[in-house]
Amino acid sequence: MSDAEWAVVRPLLPMPGWLRGRGGQPEAYCHRAMLDAIRYLVDNGIKWRAMPADFPPWDRVYAFFRRWRDLGLVKEFHDRLRRKVREQAGRDPEPSAGVIGSQSVKADAVVGADSRGFDGGKLVNGRKRHAVVDTLGLLLAVMVTSADVGDRAAAQVLLARVAASHHLLALVWADGGYTGSLVQYCLAALALVLAIVKRSDDMRGFVVLPKRWIVERFFAHLMRSRRLVRDFERSTSTAEAVIYWSMTQLMTRRLARPRPTRA
């Protein structure tokens, strides 16, 4: 992490309890070193025990990762960064429209049979990532399931979470796999308009479809993190946390990027 990134990240980090007078013991390692270690693991796809000696011990880094995962601190940190990126782009902190999509990835041998399945459409034995992003391609919510879970069944749960945490969200674009009763459910139960972006019958080959390319670009960003090329995590909660860490890395770089000055 560069000094410019750390200057952006530091005021957005969740404050430890001992600094707020809630007791507890101060942490032994700097947060910057811990964040660098986790970012290195996600970006390069190494094992926990293969953590380089330049970082804190791997078990301390994993304990930090697990605590942030279980307490929801990584999502809180991610959401603060997302609001910052949206404000820098001249948008409102909370989005009013989003795009939903899914991605099936192969699972490693450590993934148990209870959280893996076979996607007959993509011919993938593994897990499926269901995500809702805003119009800038920034993550709003993600849910990891076995690959045999249908898009409509997962979207019903995921969109309920998104609607509960983002009250200004009113429109969500989706592909043809989300048609059916889900459209009526979203309008009646969640007050969301689910707009289906269909591919016309006369299209041949690769065609960029309006709005759908945004969530596809999001999944392409995930593939640049080697830890996410396959699903190496034993639990789905860990897999979701790794996705949040990957997006924090993307957003910190975007915030620290020098902006051209106008004459």
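Note: the structure precedes this text.
Let me sum up the structure you'll find in this document. Please read all numbers here as calculations on a predicted model, not as lab measurements.

Right, let's talk about the overall build of the protein for a bit. Scanning the protein for helices and strands turns up eight helices and six strands. The secondary structure elements of the protein, listed N-terminal to C-terminal, are α-α-α-α-β-β-β-β-α-β-α-β-α-α. Relative to its length of 263 residues, the protein is compact, with a C-alpha radius of gyration of 19 Å against a globular reference of 18 Å. Summarising its shape, the C-alpha atoms of the protein cover approximately 60 × 55 × 40 Å along the three principal directions. For the protein, the proportion of its 263 residues judged to be buried stands at 45%. Of the contacts made within the protein by residues no fewer than 6 positions apart, 63% connect residues no fewer than 24 positions apart. Counting 42 positive and 26 negative side-chain charges, the protein places the centres of these two groups 2 Å from one another.

Let's shift gears to the pairing of strand S1 (residues 97–106). The buried fraction of S1 is high, at nine of ten residues. With nine bridges connecting them, S1 and strand S3 (residues 124–134) associate as antiparallel partners. Bridging from a neighbouring strand, Ile100 pairs with Val132 of S3.

With 14 residues, helix H2 (residues 31–44) ought to run about 20 Å at 1.5 Å a step, and its terminal C-alpha atoms sit 20 Å apart, in line with that. Within H2, burial applies to His31, Met34, Leu35, Asp36, Ala37, Ile38, Arg39, Leu41 and Val42. Looking at the buried side of H2, the elements it contacts are helix H1 (3–9), helix H3 (58–70), helix H4 (73–88) and helix H8 (236–256). Two residues or fewer after H2 comes Gly45, characterised by a positive phi angle close to 70°.

What follows is about the environment of Val9. Here Val9 lies in helix H1. In this structure Val9 comes out as buried when scored by relative accessible area, which is 0%. On a C-alpha basis, the gap between Val9 and Met251 in space is 9.9 Å, while along the polypeptide they are 242 residues apart. Dropping the residues within four chain positions of it, Val9 is found in contact with Met1, Leu35, Phe77 and Thr252.

So, about the environment of Ser225. Tracing the backbone shows Ser225 in the loop between helix H7 (212–222) and H8. We classify Ser225 as buried; its relative accessible area is 5%. For the pair Ser225 and Arg66, spaced 159 residues apart in sequence, the C-alpha to C-alpha distance is 19 Å. Look past the residues within four positions of Ser225 in its chain and what remains in contact with it is Val42, Asp43 and Ser246.

With that out of the way, let us pick up the environment of Arg199. Structurally, Arg199 is set in the loop between strand S6 (193–196) and H7. Residue classification places Arg199 among the partly exposed positions, given a relative accessible area of 38%. As for Arg199 and Trp48, which are separated by 151 residues in sequence, their C-alpha atoms are 43 Å apart.

Turning to the pairing of strand S5 (residues 171–174), a few remarks are in order. In this structure, S1 lies alongside S5, joined through three bridges in parallel fashion. Bridge pairing in S5 places Ala97 opposite Leu171. As paired strands, S5 and S6 are joined by four bridges and run parallel to one another. Looking at the pairing, Leu171 lines up with Val193 of S6. Remark: the S5/helix H6 (residues 181–189)/S6 crossover connection has right-handed handedness.

In this approach a probe as big as a water molecule rolls over the atoms, and the regions it shows empty are the leftover space. Of the volumes computed, that of the largest pocket is approximately 480 Å³. With three residues, the top contributor of residues to the lining of the largest pocket is H3. Across the lining of the largest pocket, the residue classes tally to seven nonpolar, three polar and six charged.

Here the focus is the packing of aromatic side chains. Counting across every chain of the model gives nine aromatic pairs. Considering the side-chain rings of Phe64 and Trp68, the 4.9 Å spacing of their centres and the 35° angle between planes classify their relative orientation as tilted. Residue Phe64 and its partner Trp68 are located together in helix H3, separated by four residues, close to a single helical turn. Accessibility classification places Phe64 together with Trp68 in one group, the buried group. One aromatic cluster is present, formed by Phe64, Trp68, Phe77 and Trp245 through successive ring pairs. Cation over ring: Lys211 sits above Trp173, and NZ or CZ is 4.8 Å from the ring centre.

Rules and cut-offs
- Residues numbered from 1 in each chain as written.
- Predicted model: local features only at pLDDT ≥ 70, side-chain atom pairs only at ≥ 80, totals over all residues.
- Heavy atoms only, no water.
- Helix = DSSP H or I, 4+ residues; strand = E, 2+ residues; numbered from the N terminus.
- Rg over C-alpha atoms; globule rule 2.2 N^0.38 Å.
- Buried < 20%, exposed > 50% of the residue type's maximum accessible area, 1.4 Å probe, protein only.
- Contact = heavy atoms within 4.5 Å.
- Lys, Arg positive; Asp, Glu negative; His and termini not counted.
- Charge placed at Lys NZ, Arg CZ, Asp CG, Glu CD.
- Pairing = 2+ DSSP bridges.
- Expected span 1.5 Å × (residues − 1).
- Right-handed = clockwise from strand over helix to strand, strands pointing away.
- 1 Å grid on protein atoms, 1.4 Å probe; cavity = no way out; pocket = protein on both sides within 12 Å on 5 of 7 lines; lining within 4 Å.
- Points joined across faces, edges and corners; volume = space filled by probe spheres on them.
- Nonpolar A, V, L, I, M, F, W, Y, C, P; charged D, E, K, R; others polar.
- Phe/Tyr/Trp six-rings, centres within 6.5 Å; stacked < 30°, edge-to-face > 60°.
- Lys NZ or Arg CZ within 6 Å of the ring centre and 35° of its normal.

By themselves, these observations are geometric and do not establish any function.
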